[in-house]
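Residue-level structural notes
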Amino acid sequence: MEGLCKAFGDNVVLDRFDLTLYEGENLVVLGKSGSGKSVLIKCIIGLLRPDSGRIEVFGENVPDLNYTELDQMRARVGFLFQSNALYDSMTVRENLEFPLRRHWLKTPQQDVDERVHEVLQSVGLAHATEMMPAELSGGMRKRIALART
Ligand SMILES: Nc1ncnc2c1ncn2[C@@H]1O[C@H](COP(=O)(O)OP(=O)(O)OP(=O)(O)O)[C@@H](O)[C@H]1O
Ligand SMILES: [Mg+2]
């Protein structure tokens, strides 16, 4: 990204921010609470629109993408919300099925079931499949959100 600027009224959060992330590199963004980490990451995924600057993901400038192109880009990116963003009225299973159904409309139910089981096992929560988010601890909710990602 180059020259990224984002302000909310008088609150200038990102001021000509530059960053290059190389293929295969792991990057941790560290900073004080309220310093703009989440705003930065939301700009990368197109959940917030920067006031100016370029953000290139998979060779495309994110602020230029239309709704459909953003959708396609997001299907290739894992994004874990800070407050998880689980759907309160859905079970854990339904929360995990949701993005699969949204992005891969014709996936057979058996494949969806296998995928959901596999990711829940990978976070040690296979037993929580039919639970509601409100019944989970904070750490469990975070692991379910990671499994959905
Ligand atoms: N949608 C919004 N509307 C107005 N101001 C916002 C919005 N989102 C974030 N801000 C402001 O932008 C600044 C940076 O917020 P951000 O959420 O990026 O912080 P952070 O670095 O992720 O903090 P934390 O470590 O607490 O998660 C804060 O001053 C916050 O009040
Ligand atoms: Mg944050």
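Residues numbered from 1 in each chain as written. Chains lettered and ligands numbered in written order. Predicted model: local features only at pLDDT ≥ 70, side-chain atom pairs only at ≥ 80, totals over all residues. Heavy atoms only, no water.

**What to know about the coordination of the magnesium ion (ligand 2)**
Protein ligation of the magnesium ion (ligand 2) involves Ser-38 (OG) and Gln-82 (OE1), the donor distances falling in the range 2.1 Å. Placement of Ser-38 in helix H1 (residues 37–45) and of Gln-82 in the loop between helix H2 (67–74) and helix H3 (92–103) is noted, with a sequence separation of 44 residues between them. By relative accessible area, which is 31% here, Ser-38 ends up partly exposed. (Donors = N, O, S within 2.8 Å, 3.2 Å for Na, K, Ca; no water. Helix = DSSP H or I, 4+ residues; strand = E, 2+ residues; numbered from the N terminus. Buried < 20%, exposed > 50% of the residue type's maximum accessible area, 1.4 Å probe, protein only.)

**Considerations on the site of ligand 1**
Neighbouring ligand 1 are the residues Phe-8, Asn-11, Val-13, Lys-32, Ser-33, Gly-34, Ser-35, Gly-36, Lys-37, Ser-38, Val-39 and Gln-82. Contact between ligand 1 and Ser-35: an oxygen atom at 3.3 Å from a main-chain N or O atom of the residue. Between ligand 1 and Val-39 there is a distance of 2.9 Å, counted from an oxygen atom to a backbone nitrogen or oxygen. Bound to the protein, ligand 1 loses 60% of the 640 Å² it would expose on its own. When residues in the shell around ligand 1 are grouped by element, the largest group, 3 residues, is from H1. Residue classes in the shell around ligand 1 are distributed as 3 nonpolar, 7 polar and 2 charged. (Near = heavy atom within 4 Å. Polar contact = N/O pair within 3.5 Å; in protein donor to acceptor, adjacent residues only side chain to side chain. Areas by Shrake-Rupley, 256 points an atom, 1.4 Å probe, with all protein chains shown as cover. Nonpolar A, V, L, I, M, F, W, Y, C, P; charged D, E, K, R; others polar.)

**Re a nonpolar patch on the surface**
A contiguous nonpolar surface patch, about 240 Å² in accessible area, is contributed by Leu-21, Leu-27 and Val-29. Note on placement: Leu-21 falls in the loop between strand E2 (11–17) and H1. (Patch = residues over 30% accessible without salt bridge, like charges linked within 9 Å, V, L, I, M, F, W, Y side chains within 5 Å. Salt bridge = Lys/Arg side-chain N within 4 Å of Asp/Glu carboxyl O.)

**Thoughts on the domain arrangement of the chain**
For the chain, the assigned domains are domain 1 (2–74) and domain 2 (92–148). Domain 1 and domain 2 are separated by 28 Å when their C-alpha centres are compared. (Domains from an automatic or database assignment.)

**Re the pairing of E2**
Side-chain positions along a regular strand alternate between the two faces of the sheet. Across 4 bridges, the pairing between strand E1 (residues 2–8) and E2 is antiparallel. Counted as the bridge partner of Leu-4 is Phe-17 from E2. Taking the residues that link successive antiparallel strands as the turn, the E1-E2 hairpin has 2 residues, and the phi of Gly-9 there is positive, at about 60°. (Pairing = 2+ DSSP bridges.)

**Some details on the pattern of salt bridges**
Summed over the entire model, instances satisfying the criterion amount to 5 salt bridges. For Asp-71, the salt bridge is made with Arg-102, and the minimal N-O distance between the two is 3.7 Å. Here Asp-71 is found in helix H2, whereas its partner Arg-102 is found in helix H3, with 31 residues between them in sequence. With relative accessibility at 22%, the residue Asp-71 sits in the partly exposed group. A salt bridge links Arg-115 to Glu-118; the nearest nitrogen and oxygen atoms lie 3.4 Å apart. With Arg-115 and Glu-118 both in helix H4 (residues 109–122) and 3 residues apart, the pair spans about one turn of that helix. What makes Arg-115 partly exposed here is its relative accessible area of 41%. For Glu-118, a relative accessible area of 47% corresponds to the partly exposed category.

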